[in-house]
Amino acid sequence: MEVSKLINNDPTVRGIAECREVFWVNSNVSSERDDNIADIDEAEARLLRFVPFIKRKFDEPGNGIIESELREISSMKKTMNSGIAGRLFLKCDSHLPISGSIKARGGIYEVLKLAETIAIERGMLARTDDYGRLADEEFRQLFSEYKVAVGSTGNLGLSIGIISAALGFQVTVHMSADARQWKKDLLRSKGVTVIEYPDDYEAAVAQGRAEAEKDPMCHFVDDENSLDLFAGYSVAGKRLRQQLDEAGITVDENHRLYVYLPCGVGGAPGGVTYGIKHYFGENAHCFFAEPTHAPCMTLGLATGLHNGISVGDIGIDGRTEADGLAVGRPSGLVSDAMESRVSGCFTVSDEKLYPYLAQLKDSEGIFIEPSACAGFEGLRYVAGYNGENFRTPDENSVHIVWATGGAMVPQEEKDAYYSKGRELMKK
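Residues numbered from 1 in each chain as written. Predicted model: local features only at pLDDT ≥ 70, side-chain atom pairs only at ≥ 80, totals over all residues. Heavy atoms only, no water.

### Some points on the overall build of the protein chain
Step number 1: Along its length, the protein chain carries 17 helices and 11 strands.
Step number 2: Computed over its C-alpha atoms, the radius of gyration of the protein chain comes to 21 Å, within 12% of the 22 Å expected for a compact globule of 427 residues.
Step number 3: Seen along its three principal axes, the alpha-carbon backbone of the protein chain occupies a region of about 60 × 50 × 50 Å.
Step number 4: A burial count over the protein chain gives 60% of its 427 residues as buried.
Step number 5: Sequence-distant contacts, at least 24 apart, represent 74% of the contacts inside the protein chain between residues at least 6 apart.
Step number 6: Put simply, the protein chain shows about 16,500 Å² of open surface, and 43% of that area lies on carbon and sulfur atoms.
Step number 7: With 46 positive and 64 negative side-chain charges, the protein chain shows a spacing of 3 Å between the two charge centroids. (Helix = DSSP H or I, 4+ residues; strand = E, 2+ residues; numbered from the N terminus. Rg over C-alpha atoms; globule rule 2.2 N^0.38 Å. Buried < 20%, exposed > 50% of the residue type's maximum accessible area, 1.4 Å probe, protein only. Contact = heavy atoms within 4.5 Å. Areas by Shrake-Rupley, 256 points an atom, 1.4 Å probe, with all protein chains shown as cover. Lys, Arg positive; Asp, Glu negative; His and termini not counted. Charge placed at Lys NZ, Arg CZ, Asp CG, Glu CD.)

Quick look at the structure:
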């Protein structure tokens, strides 16, 4: 169908094209699926094998486990006054060990799997060994023969760059124009090669992929198509179930779970949603949050064209202050998988991100970066929903806003973000 017809025939697409805030509800959610995209148990077992290595190389909380706190934020709920029924929690992936963002889940997992595969194939490691050995010099020498490359708007590049450099890989991060300067500077301080592009995320990924294909010793971490990234993210569903059990929180048909996830190309929220739906099924509803100027997943799912359409095709510039979400075309792998899993998508203007940031800091003492605040807007959409595709929340419901990054932001930028939020709140 021609783009003009898409825009004229569908009010959601028309709203997207006009950069208005929209709420798209998925009518194709189904529990009858025959795809098995990720082996969650296998992925978690691999992460646990690497605990001794993580403990040796990184002085981080968590004792070698890459996991984040699930924290109730009742004061933030009162501050928002959103009319939402039920309890409100923050999943603090903003403070995950090593790289301080949700990308630590998938990005670190993929590089760890690569290292394990190389070491086993070279006869230097067995799965029954103490993986703390991987921090020894002989393994750094081994991995220095290999290269890792990735295209990124920022946070995935941080996770890939930090863990690859720690293992000894030669690593290159291809960064789009949207990436923050401090992220580039931090990577370079770790010995990572950073190549900057004046173009958007899609161009940086394409260039990185093309460069890697020329080198048989280079592994390209493909944020758009990687099953390993997806598997790493999916472990979050299993860990979340454990955290809710430990907190005495039930999820069933009378106690529904609603999860709000910021979305860029889709890998991280898609993998997390896959894990959540695997363990909670139809009792969990996941929603993706995107900027009004870069709503690639909303557009791909609403039109049914998936990665066959980009925001540029309907005249959107793709520019947003939510740098981690500045993506013009969704992952085909993820959008296909989410067609029967995600309950909906919504868009939020950049101007709303900063007040949420300031409110969270004031009410709970937690700082997260602007893009990580996008999920809060979903509470208002879901509270006001009256349709048939999912049940409106009640007092038995649990809501989780997934905070995707923020701990590594320099203090000067934190202060500037907070001040901007306070100023916008006055208006």
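### Some points on the sheet that holds strand β5 (residues 170-175)
Step number 1: In spatial order, the strands read β6-β5-β4-β7; together these four strands make up an open sheet with parallel pairing. Since the sheet does not close on itself, it has two edges, and those belong to β6 (193-196) and β7 (218-221), each with one partner. Taken pair by pair, the neighbouring strands of this sheet meet at an average axis angle of 20°, ignoring direction.
Step number 2: Inspection of the sheet shows β5 paired to β6 by four bridges, in the parallel sense. Within β6, the position partnered with Met 175 by the bridge is Glu 196. (Pairing = 2+ DSSP bridges. Axes fitted to C-alpha atoms, helices over the stretch in contact; angles between N-to-C directions.)

### Points about helix α12 (residues 267-280)
Step number 1: Helix length check: α12 (14 residues) gives 20 Å between terminal C-alpha atoms against 20 Å at 1.5 Å per residue, within 8%.
Step number 2: Where burial is concerned, most of α12 is hidden: 13 out of the 14 residues are buried.
Step number 3: Trailing α12 by a residue or two, Gly 281 shows a phi angle of about 55°, which is positive. (Expected span 1.5 Å × (residues − 1).)

### A look at the packing of aromatic side chains
The geometry of an aromatic ring pair is captured by the separation of the ring centres together with the interplanar angle, meaning the angle of the planes.
Step number 1: For the structure shown, the criterion picks out 16 aromatic pairs.
Step number 2: Pairing Phe 23 with Tyr 385 gives two aromatic rings, centres 6.3 Å apart and planes at 85°, and the pair type is edge-to-face. Linking Phe 23 in strand β1 (residues 23-25) with Tyr 385 in the loop between α16 (377-383) and β11 (398-403), this pair joins segments that are 362 residues apart in sequence.
Step number 3: Through successive ring pairs, a cluster of aromatic residues spans Phe 23, Tyr 258, Tyr 260, Phe 287, Phe 346, Tyr 381, Tyr 385 and Phe 390. (Phe/Tyr/Trp six-rings, centres within 6.5 Å; stacked < 30°, edge-to-face > 60°.)

### Things to note about the nonpolar core
Step number 1: Judged by nonpolar contacts, the single largest core of 125 residues is most densely connected at Phe 143, Phe 169, Leu 257, Ile 276, Phe 376 and Trp 402.
Step number 2: Here the element with the most residues in this core is helix α6 (residues 103-121); it accounts for nine residues.
Step number 3: Setting aside residues no more than four positions away along its own chain, Phe 169 makes contact with Val 111, Leu 114, Ala 115, Ile 118, Phe 143, Tyr 146, Val 148 and Ser 164.
Step number 4: Judged by nonpolar contacts, the second largest core, of 20 residues, contains Ile 7, Ile 16, Ala 17 and Ile 309. (Core = buried A, V, L, I, M, F, W, Y, C linked by side-chain atoms within 4.5 Å.)

### Section: the sheet that holds strand β2 (residues 70-72)
Step number 1: The strand order across the open sheet formed by seven strands is β1-β10-β9-β8-β11-β3-β2, and the pairing between neighbours is mixed. Pairing within the sheet leaves two strands with one partner each, and these edge strands are β1 and β2. Across the sheet, the mean angle from the axis of one strand to that of its neighbour is 20°, orientation sign disregarded.
Step number 2: With three bridges joining them, β2 and strand β3 (residues 87-92) adopt antiparallel strand pairing. Paired with Arg 71 across the two strands is Leu 90, which belongs to β3.

### Brief notes about the side chain of Thr 292
Step number 1: Structurally, Thr 292 can be placed in the loop between β9 (284-291) and α13 (296-303).
Step number 2: The residues contacting Thr 292, other than those within four sequence positions of it, are Ile 16, Cys 19, Arg 20, Glu 21, Ile 316, Thr 347, Val 348 and Ser 349.

### Here's the deal with the environment of Ser 94
Step number 1: Within the secondary structure, Ser 94 sits in the loop between β3 and α6.
Step number 2: A relative accessible area of 0% means that Ser 94 is categorised as buried.
Step number 3: In this structure, the C-alpha to C-alpha distance between Ser 94 and Asn 307, residues 213 residues apart in sequence, is 28 Å.
Step number 4: Sequence-distant contacts of Ser 94, defined by excluding residues within four places in its chain, comprise Gly 100, Ser 101, Ile 368, Ala 403, Thr 404, Gly 405, Gly 406 and Ala 407.

### Things to note about the pattern of salt bridges
Side-chain pairing between opposite charges can occur once the charged atoms of the two side chains come close.
Step number 1: Scanning the model with the defined rule gives 33 salt bridges in all.
Step number 2: Residue Glu 145 is joined to Arg 122 by a salt bridge in which the shortest nitrogen-to-oxygen separation is 3.2 Å. Taken together, the positions of Glu 145 in the loop between α7 (137-143) and β4 (147-152) and Arg 122 in the loop between α6 and α7 put the pair 23 residues apart, joining distant regions of the chain.
Step number 3: The class for Glu 145 is partly exposed, based on a relative accessible area of 38%.
Step number 4: In this structure Arg 122 comes out as partly exposed when scored by relative accessible area, which is 40%.
Step number 5: Put simply, Lys 352 and Glu 377 hold a salt bridge, and the shortest N to O gap is 2.9 Å. You can see Lys 352 sitting in helix α15 (residues 350-364) and its partner Glu 377 sitting in helix α16, a full 25 residues away along the chain.
Step number 6: It is possible to trace a salt-bridge network through shared partners that takes in Asp 41, Glu 44, Glu 67, Lys 91, Asp 93, Arg 105, Lys 238 and Arg 239. (Salt bridge = Lys/Arg side-chain N within 4 Å of Asp/Glu carboxyl O.)

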